[in-house]
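Residues per chain, in single letters:
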Amino acid sequence: MVTSADRPAAPPPSPHDVERIARGIRAGERTVLSRAITLIESKRADHRRSAATLMQALLKETGQAVRVGITGAPGVGKSTLIDALGSMLSAQDHKIAVLAVDPSSRRTGGSILADKTRMARLGNDPSAFIRPSPSSGTLGGVAAKTRETMLLCEAAGYDVVLVETVGVGQSEIAVADMTDFFLVLALPGAGDELQALKKGVVELADMIAVNKADGDNVARAKLAASQFGAALHILSPRSPNWSPPVITCSALKGDGIEALWSHILDHRRRLAESGELTARRGEQQVKWMWTMLEERMFEPLRSDRALKAALPRIEADVAAGRLAPAAAVEKIAAMLAE
Ligand SMILES: Nc1nc2c(ncn2[C@@H]2O[C@H](COP(=O)(O)OP(=O)(O)OP(=O)(O)O)[C@@H](O)[C@H]2O)c(=O)[nH]1
Ligand SMILES: [Mg+2]
């Protein structure tokens, strides 16, 4: 049996190859784009260097897309909404990239399949590109890969990027940090809807859309929307140039999707005119650099075998009060320096 360990490792792309990949991406070739994403998702140091060269080569071609983050509880209708919005935009000659940030192991086979069926129209649309969340890694790592994928998609000519995330851990913050507009989806329902949404997430929202406003739900959806509206009123807005609207929509029926998009464009116009868009993106880039650096610095802690073997013991000693945290840090640092 030939295992992957027996096979010689694939050589990293040469500088010449990287230039060819960059050309393929600029030409909008999907297979090249997919291969490039696989390259940036690789953990190998030589691949990572090639990936960094590629990102630098394409830097000037990035940044033109409307970047929208979409969050909400499982089942709220994110994928259905992306399908409806993406299909509408595709009909207007936009090219749509759909990405996901999900650092949990939730998105295994079944769930990807489910997404494919929920995004049935976009999935078959030649002007749409759908890429699931990188399947492993820390949130910081997954988010960094998704950001780079977003930039590759922009370089390939996708002018709308929709990033779906489910509300696990800090993933909403990671997505808000890589997009221009953060859309929170909510469900119709009485009173305690607001409690169901984490406060921190509502504070990040550039808009709340109460989805599934169809059939018997319409009145309840309107009620929920007015409650959200009142609640948003007392929060200090994320931007001085924008008060987050609250709308109702039905992703399933396509109701309210046009209005939703026009709010996103309005937001973009205002932030662009005030200079906030450029400033926000600049801050995001710097933050991203630090996140990647942190990831890089922490990597030996995850990959150094001796250290990994020693860590549980060190932790136990710290927990039991046998080892001072400061002494533990010295010990770990010394092992890393070996
Ligand atoms: N009635 C109604 N059902 C909807 C609407 N939008 C989505 N649904 C249904 O809600 C279910 C979940 O939809 P998804 O789009 O997969 O939800 P999601 O938020 O992407 O779910 P996860 O990715 O699992 O977190 C599906 O059965 C959809 O058909 C809507 O506007 N109205
Ligand atoms: Mg989904």
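Thresholds, definitions, all that
- Residues numbered from 1 in each chain as written.
- Chains lettered and ligands numbered in written order.
- Predicted model: local features only at pLDDT ≥ 70, side-chain atom pairs only at ≥ 80, totals over all residues.
- Heavy atoms only, no water.
- Helix = DSSP H or I, 4+ residues; strand = E, 2+ residues; numbered from the N terminus.
- Rg over C-alpha atoms; globule rule 2.2 N^0.38 Å.
- Buried < 20%, exposed > 50% of the residue type's maximum accessible area, 1.4 Å probe, protein only.
- Contact = heavy atoms within 4.5 Å.
- Areas by Shrake-Rupley, 256 points an atom, 1.4 Å probe, with all protein chains shown as cover.
- Lys, Arg positive; Asp, Glu negative; His and termini not counted.
- Charge placed at Lys NZ, Arg CZ, Asp CG, Glu CD.
- Phe/Tyr/Trp six-rings, centres within 6.5 Å; stacked < 30°, edge-to-face > 60°.
- Expected span 1.5 Å × (residues − 1).
- Arc of directions from axis to C-beta.
- Core = buried A, V, L, I, M, F, W, Y, C linked by side-chain atoms within 4.5 Å.
- Near = heavy atom within 4 Å.
- Polar contact = N/O pair within 3.5 Å; in protein donor to acceptor, adjacent residues only side chain to side chain.
- Nonpolar A, V, L, I, M, F, W, Y, C, P; charged D, E, K, R; others polar.
- Pairing = 2+ DSSP bridges.
- Donors = N, O, S within 2.8 Å, 3.2 Å for Na, K, Ca; no water.
- Axes fitted to C-alpha atoms, helices over the stretch in contact; angles between N-to-C directions.
- Parallel < 35°, antiparallel > 145°, perpendicular 65-115°, else oblique.
- Left-handed = near helix turned anticlockwise from the far one by under 90°.

Novice: Is there a simple way to explain the overall build of the chain in this structure?
Specialist: If you tally the helices and strands in the chain, you get 15 helices and seven strands. Taken against the 2.2 N^0.38 rule, which gives 20 Å for 338 residues, the C-alpha radius of gyration of the chain at 22 Å falls within 12% of a compact globule. Each of the 338 residues in the chain was classed as buried or not, and the buried ones make up 44%. Pairs at least 24 residues apart make up 79% of the contacts formed inside the chain by residues separated by at least 6 positions. As displayed, the chain offers around 17200 Å² of accessible surface, 58% of which is attributable to carbon and sulfur atoms. Counting 42 positive and 39 negative side-chain charges, the chain places the centres of these two groups 3 Å from one another.

Novice: I'm lost on the packing of aromatic side chains in this one. Help?
Specialist: Two descriptors summarise a pair of aromatic rings, namely the distance from one centre to the other and the angle between the planes of the rings. Tallied over the full model, the rule gives two aromatic pairs. Residues Phe 129 and Tyr 158 carry aromatic rings whose centres are separated by 5.9 Å and whose planes lie at 50° to one another, so their mutual orientation is tilted. Note that Phe 129 is positioned in strand S3 (residues 128-130) and Tyr 158 in the loop between helix H7 (139-155) and strand S4 (160-165), a separation of 29 residues in sequence. You'll find Phe 129 and Tyr 158 in the same group, each marked buried. Between Phe 181 and Trp 242 the ring centres are 6.5 Å apart and the planes differ by 70°, which places this aromatic pair in the edge-to-face class.

Novice: For this particular structure, what's the right way to read helix H2 (residues 30-41)?
Specialist: Spacing of three or four residues puts side chains on the same side of an α-helix, whose turn is 3.6 residues. The end-to-end C-alpha distance of H2 is 16 Å, a good match for the 16 Å that 12 residues give at a rise of 1.5 Å each. Of the residues making up H2, those classed as buried are Val 32, Leu 33, Ala 36, Ile 37, Leu 39 and Ile 40. Down the axis of H2, the sector holding all buried residues measures 155°, keeping them to one side. Relative to its buried face, H2 has exposed residues pointing more than 90 degrees away, namely Thr 31 and Arg 35. Those residues of H2 that are buried are in contact with helix H1 (15-26), helix H3 (45-58), S3 and H7.

Novice: Mind showing me how you'd approach the pairing of strand S5 (residues 181-186) here?
Specialist: Working note: regular strand, side chains alternate between the two faces of the sheet. Of all six residues in S5, six are buried; the element is thus mostly enclosed. Residue alternation in S5 divides its side chains into two sets, Phe 181, Leu 183 and Leu 185 and Phe 182, Val 184 and Ala 186, and both sets are buried.

Novice: Help me understand the nonpolar core in this model?
Specialist: Grouped burial of nonpolar side chains is what soluble globular proteins tend to show. The biggest cluster of nonpolar side chains holds 51 residues, and the ones touching the most others in it are Ile 25, Leu 33, Leu 54, Leu 152 and Ile 208. Counting residues in each nonpolar core, the second largest holds 32 residues, with Val 76, Leu 81, Met 88 and Phe 181 among its members.

Novice: Looking at this model, I keep getting lost on the site of ligand 1. Mind explaining?
Specialist: The environment of ligand 1 is formed by 18 residues, the closest being Lys 78, Ser 79, Thr 80, Arg 118 and Asp 214. Within the side chain of Lys 78, a nitrogen or oxygen atom sits 2.8 Å from an oxygen atom of ligand 1. For ligand 1, an oxygen atom lies 2.9 Å from a polar atom in the backbone of Ala 251. Burial of ligand 1 by the surrounding chains reaches 80%, relative to a free accessible area of 650 Å². Of the residues forming the shell around ligand 1, the biggest block, three residues, is contributed by helix H4 (residues 78-91). Tallied by class, the residues present in the shell around ligand 1 amount to six nonpolar, six polar and six charged.

Novice: Is there a simple way to think about the pairing of S4 in this case?
Specialist: Of all six residues that make up S4, six are buried, and the element is covered over most of its length. The side-chain alternation of S4 yields two buried faces, one formed by Val 160, Leu 162 and Glu 164 and the other by Val 161, Val 163 and Thr 165. Bridge count between strand S1 (residues 66-71) and S4: five bridges; the pairing is parallel. Counterpart to Arg 67 in the pairing with S4 is Val 161. Bridging between strand S2 (residues 96-101) and S4 involves six bridges; their strand directions are parallel.

Novice: Just to check I follow, could you spell out the coordination of the magnesium ion (ligand 2) for this structure?
Specialist: The expected angle between donors at a tetrahedral four-coordinate metal is 109.5 degrees. At an octahedral six-coordinate metal it is 90 or 180 degrees. Those donors, Ser 79 (OG) and Glu 164 (OE), are the protein atoms that reach the magnesium ion (ligand 2), and they lie 2.1 to 2.3 Å from it. Of this pair, Ser 79 sits in helix H4 while Glu 164 sits in strand S4, and the two are 85 residues apart along the sequence. Residue Ser 79 shares its accessibility class with Glu 164, and that shared class is buried.

Novice: How should the side chain of Asp 83 be read in this particular structure?
Specialist: Among the structural elements, Asp 83 can be located in helix H4. Beyond its immediate stretch of four places on either side in the chain, Asp 83 contacts Arg 118, Met 119, Ala 120, Arg 121 and Leu 122.

Novice: How do you make sense of the packing of H1 against H2 when you look at a structure like this?
Specialist: The angle between the axes and the distance between the axes are what describe a pair of packed helices. Two numbers describe how H1 lies on H2: the axes approach to 8 Å, and their chain directions differ by 130°. With respect to each other, H1 and H2 are oriented oblique. Crossing of H1 over H2 shows left-handed handedness. The segment H1 lies against H2, with Ile 21, Gly 24 and Ile 25 engaging Val 32, Leu 33, Arg 35 and Ala 36. Of the residues belonging to the contact of H1 with H2, the class tally is five nonpolar, one polar and one charged.

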